[in-house]
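# Summary of structural features
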Amino acid sequence: MVADITHNLPEYSVSELSLALKRTVEDAFGNVRVRGEISGFKRHGSGHCYLRLKDDQAVLDAVIWKGVASRLTVKPEEGLEVIVTGRITTYPGRSSYQIIIESMTVAGVGALLKLLEDRRRKLAAEGLFEVSRKRKLPFLPEVIGVITSPTGAVIRDILHRLSDRCPRHVLIWPVAVQGEDAAGQIAAAIAGFNRLTPGGRVPRPDLLIVARGGGSLEDLWAFNEEVVVRAAAASVIPLISAVGHETDTTLIDFAADLRAPTPTAAAELAVPVRLDLMARVSECEGRLRGGMIRRLEDWGRRVDGLRRGLPEPGRLQEAAALRLDDRAERMANAMAVLLERRNAEMLRQFTALPGPREYLAKIGYQYAQAVTRLGYAMTSLSTARTTRYDTATKQLRPQALLGEIDRSGRELGHMAERFLMAGRRVVDAREDRLDRFAELLASYSYEAVLNRGYSVVWAADGRVIESAKGAEDGSRWAVEFKDGKVRVAVDTGPPPKPRPRSRKQSADQGDLF
Amino acid sequence: MTPVSVAPDIAAMDFEDALAALEDIVRQLEGGKVRLEEAVGAYERGVRLKQHCEAKLREAKAKVDLITTGADGSLGTVSANIGADGSLGTVPANIK
C-alpha cells in the first residue's frame, strides 16, 4: 500500500477535472474585457463566427454566436485590433478554452485607420484607383441612379439640389448604408445598375451617385469594404461617391470617378444649372444672328464698294441715248436726201423717155418694114427657083424631071407655108412683147404719177420746169393735173397768208348757250 | 422663326456636343472668314442646334422612381412621391 500512502490526493476522473476547471474558469472570468487583433476569422454555415484574438505572444480562441454576430457594430476584419467583452469558457472535449464574445468595438481609430491604409495599398497595387480608369462624367445626364438609404436627409438633399439646378429622371436604389448587410447591398446595387440595358423597362442611368450621410468611421465602414470598392471600380457607368462629410474619406472615394465632399455637392457635380445652359444657348442664338447680320452687312458694304467703282449706269445710258439720237437724226436726213435724189433722178429719166405714141409708131414702122422685106424675100426666092427650074427644064429631059418637079413643087409649097407661119409667129411674139411693154410703160408714165396727185409744170416751150430758178414774174406756165392742164402766170411775191378761220362756226356755237 | 426639321446627325447629339457645335458655328460666323453660301448653311445648322439644345433642356422633368427587386431578382420601379421638402413620401414597406 505504498502507493496509497504516497498518493493521498483525491483522484479525479478527466471529466470531473475538466468540469472543475470549467467551473473555476467561468467563475473567475465570467465577464472579461480583452484587447487583441483578429486573426483567422471564419463565418460558419450555421451563422456562428470563429476567430482568434492574438497579441505578440499569445493566442485566444473566440466564438461569436449567431445572435451576437448580427448585432455587432464592427465587422470583424482580419488584422483589426478590437476590444471585446465576453466570458471565458472551456471546451472539455478538446482540452481548450476560449472566449465567447458578447460585444466588440474597434481598439481606437488608429487601429481602424491602419487597417484601412493596408487595404488601400493592396487595392491600389491592383490598379483599382488608377487615374486612367476614371471616366468623364456626362455633361448633362438624362437619368441619374442614386444608391443610398431611401429615408433620411441624404436623398432629400440630393433630390432637392437636383431639382434646383436641373430636374432629371432619378432612379433610387434603396440600400442599407450601415450594418452587416450594407456592403453587399451597395455592391449589388452598383452592379445592378450596370446590368441594365439602355432602352429597357428600367432606364439605364448614365450617372451613378453612391451616398451616405456623415457618421463615425465604423458607421461609414461599409464604404471601405472591398466588395464595394471593387464594384465601384468595375462600374461602366460613371460614378460619384458622396459618403460622410468633407473630412471623411472612404475607400470608395478612391475608386469612384469623382468624389463629392457631401451628398449635396454630388448633386451639384452631377448636373449643370439648367438656367445657365439656357442662357448660354440664347446667348449663342443672339450671337448667331448678330454674326450673320454683320456678315450680311459686310458683304453688302463690299458690294456697294464695288458698285461705286463701276461707272454710273445712268451716265452710260445718257451717252448712248445721245449717240442714238444723233445717229437717228443723221439717218433721217440721209433718208430725205436720198429720196430727194432718187426722185429727181426718176423725174429726169422720165422726161428723157420718148412718148408712147412715138414709140408705138416706131415699132409699127419696124414691123411694116419687116413684112415688106419678107415679101421681097419671098418674091426673090420664088423668082430664083423659077429661074433654076427654067434652066433645068431646058437642060433636062422633061419626062425625067417631071416627078422631081412635081415633088419640088410640093416641097416649095410646104416651105412657103412654113415660112409664112414662122413669120407670123415672129410678128405675133413681137406684138405680145410690144403690148407688155406698153403696159409697163403706162405704169411708169408720168400720167400715172399724176393719178397719184402730183402735177407737172410745163414751160411755154414744152420743157418741164424742175426748179424754182428761172421763175420770173409773168412767165406763163401750164400745170398738168391728172384731169387736165391749167394755164398759170408766175407770181414770185411772198406766199399768201392762210385765210383766217371763218367766224361763222363760233356764231353757230353761240346758239348752244 | 419657322421650325426647322432637325437633321439626323443633330438628333443623335447629346446636349454638350450640340452646344459645342453651336458655339463653334457662332465663332466661325463672328470670325468673318466664312463664305456667303457656307454662312447661310452654318446659320441654318446653328438654328437647328439651338432648337435641339432647347429641346434637351425642356425634356428635363423631375421624376423620381424607386428600384424594386422582385422575388426572382427582376428589377422594377415604383414612382416615389416627393414631399414639398424634397423628402420621399411613400416608401414601400419591403424597402428599409
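Residues numbered from 1 in each chain as written. Chains lettered and ligands numbered in written order. Predicted model: local features only at pLDDT ≥ 70, side-chain atom pairs only at ≥ 80, totals over all residues. Heavy atoms only, no water.

Tallying secondary structure elements over chain A gives 15 helices and 13 strands in all. When the 513 residues of chain A are sorted by exposure, 31% land in the buried category. Intrachain contacts of chain A at a sequence separation of at least 6 include 62% that bridge at least 24 residues. Carbon together with sulfur atoms contributes 56% to the accessible area of chain A, which is approximately 34000 Å² in total. (Helix = DSSP H or I, 4+ residues; strand = E, 2+ residues; numbered from the N terminus. Buried < 20%, exposed > 50% of the residue type's maximum accessible area, 1.4 Å probe, protein only. Contact = heavy atoms within 4.5 Å. Areas by Shrake-Rupley, 256 points an atom, 1.4 Å probe, with all protein chains shown as cover.)

All names here are of chain A. Formed by 65 residues in total, the largest nonpolar core has its most connected members in Ile64, Ile99, Met104, Ile147, Ile186, Ile190 and Phe193. At seven residues, helix 6 (residues 182-195) tops the list of elements feeding residues into this core. Shared between two domains, this core takes at least three residues from each, and those domains are domain 1 (14-107) and domain 2 (116-272). Setting aside residues up to four positions removed in sequence, Met104 forms contacts with Ile38, Leu51, Ile64, Leu72, Thr73, Val74, Pro76, Val82, Ile83 and Val84. (Core = buried A, V, L, I, M, F, W, Y, C linked by side-chain atoms within 4.5 Å. Domains from an automatic or database assignment.)

Residue and element names in this part refer to chain A. Following both chains from N to C, one finds helix 5 (residues 153-165) and helix 9 (residues 263-270) inclined at 30°, their axes separated by 8 Å at the closest point. Our classification of the angle between helix 5 and helix 9 gives roughly parallel. Where helix 5 crosses over helix 9, the handedness of that crossing is right-handed. Between helix 5 and helix 9, the residues in contact are Val154, Asp157, Ile158, Arg161, Leu162 and Arg165 and Pro263, Thr264, Ala267, Glu268 and Ala270, respectively. (Axes fitted to C-alpha atoms, helices over the stretch in contact; angles between N-to-C directions. Parallel < 35°, antiparallel > 145°, perpendicular 65-115°, else oblique. Left-handed = near helix turned anticlockwise from the far one by under 90°.)

A cluster of nonpolar residues, Tyr12, Leu17 and Leu21 of chain A, forms a patch on the protein surface that exposes about 320 Å² of accessible area. In this fold, Leu17 of chain A is placed in helix 2 (residues 14-28). (Patch = residues over 30% accessible without salt bridge, like charges linked within 9 Å, V, L, I, M, F, W, Y side chains within 5 Å. Salt bridge = Lys/Arg side-chain N within 4 Å of Asp/Glu carboxyl O.)

Right, let's talk about the side chain of Arg212 of chain A for a bit. Residue and element names in this part refer to chain A. Its location among the elements puts Arg212 in strand 8 (residues 207-212). The buried charged residue Arg212 lacks any salt bridge partner; its closest oppositely charged side chain belongs to Asp219, at an N-O distance of 4.8 Å. Reaching out from Arg212, the side chain makes a polar contact with the backbone oxygen of Val177 at a distance of 3.1 Å. Excluding residues within four positions of it along the chain, Arg212 makes contact with Thr148, Val154, Val177, Gln178, Asp219, Leu220, Phe223, Ala242, Val243, Gly244 and Pro263. (Lys, Arg positive; Asp, Glu negative; His and termini not counted. Polar contact = N/O pair within 3.5 Å; in protein donor to acceptor, adjacent residues only side chain to side chain.)

Residues and elements named next belong to chain A. Judged by how many residues are buried, strand 9 (residues 239-243) sits mostly within the fold: five of five residues are covered. Neither face of strand 9 is exposed, since Leu239, Ser241 and Val243 on one face and Ile240 and Ala242 on the opposite face are all buried. Note that the unit made of strand 8, helix 7 (residues 226-234) and strand 9 has a crossover that is right-handed. With two bridges connecting them, strand 9 and strand 10 (residues 258-259) associate as parallel partners. Within strand 10, the residue paired with Ile240 across the bridge is Leu258. (Right-handed = clockwise from strand over helix to strand, strands pointing away. Pairing = 2+ DSSP bridges.)

Turning our eyes to something else, we now look at the confidence of the model for chain B. Residue-level pLDDT values for chain B average 75, and 71% of them are 70 or greater. Both scores are available for the predicted complex, with the pTM at 0.54 and the ipTM at 0.74. (pLDDT = per-residue confidence, 0-100.)

Reading across from one edge, 10(A)-9(A)-8(A)-6(A)-7(A)-1(B)-2(B) is the order of the seven strands in this open sheet, with mixed pairing throughout. Strands with a single pairing partner mark the edges of an open sheet, and in this sheet they are strand 10 of chain A together with strand 2 (75-79) of chain B. Judged from the four bridges that link them, strand 7 (residues 169-174) of chain A and strand 1 (residues 63-69) of chain B form a sheet pairing that is parallel. By the bridge assignment for strand 1 of chain B, Leu171 of chain A is matched with Asp65 of chain B.

Applying the stated rule across the entire model yields 33 salt bridges over all chains. Notably, a salt bridge pairs Glu30 of chain B with Arg287 of chain A, separated by 2.9 Å at the nearest N-O pair. Here Arg287 of chain A lies in helix 10 (residues 274-309) and Glu30 of chain B lies in helix 2 (residues 15-31), a pairing that spans two chains. Close ionic contact of Lys50 of chain B with Glu54 of chain B constitutes a salt bridge, the shortest N to O distance being 3.7 Å. Of this pair, Lys50 of chain B and Glu54 of chain B both sit in helix 3 (residues 36-59), four residues apart, which is roughly one turn of that helix. For Lys50 of chain B, a relative accessible area of 12% puts it in the buried group. By relative accessible area, which is 28% here, Glu54 of chain B ends up partly exposed. Among the charged side chains, a salt-bridge network with shared partners connects Lys114, Glu117, Asp118, Arg120 and Arg121 of chain A.

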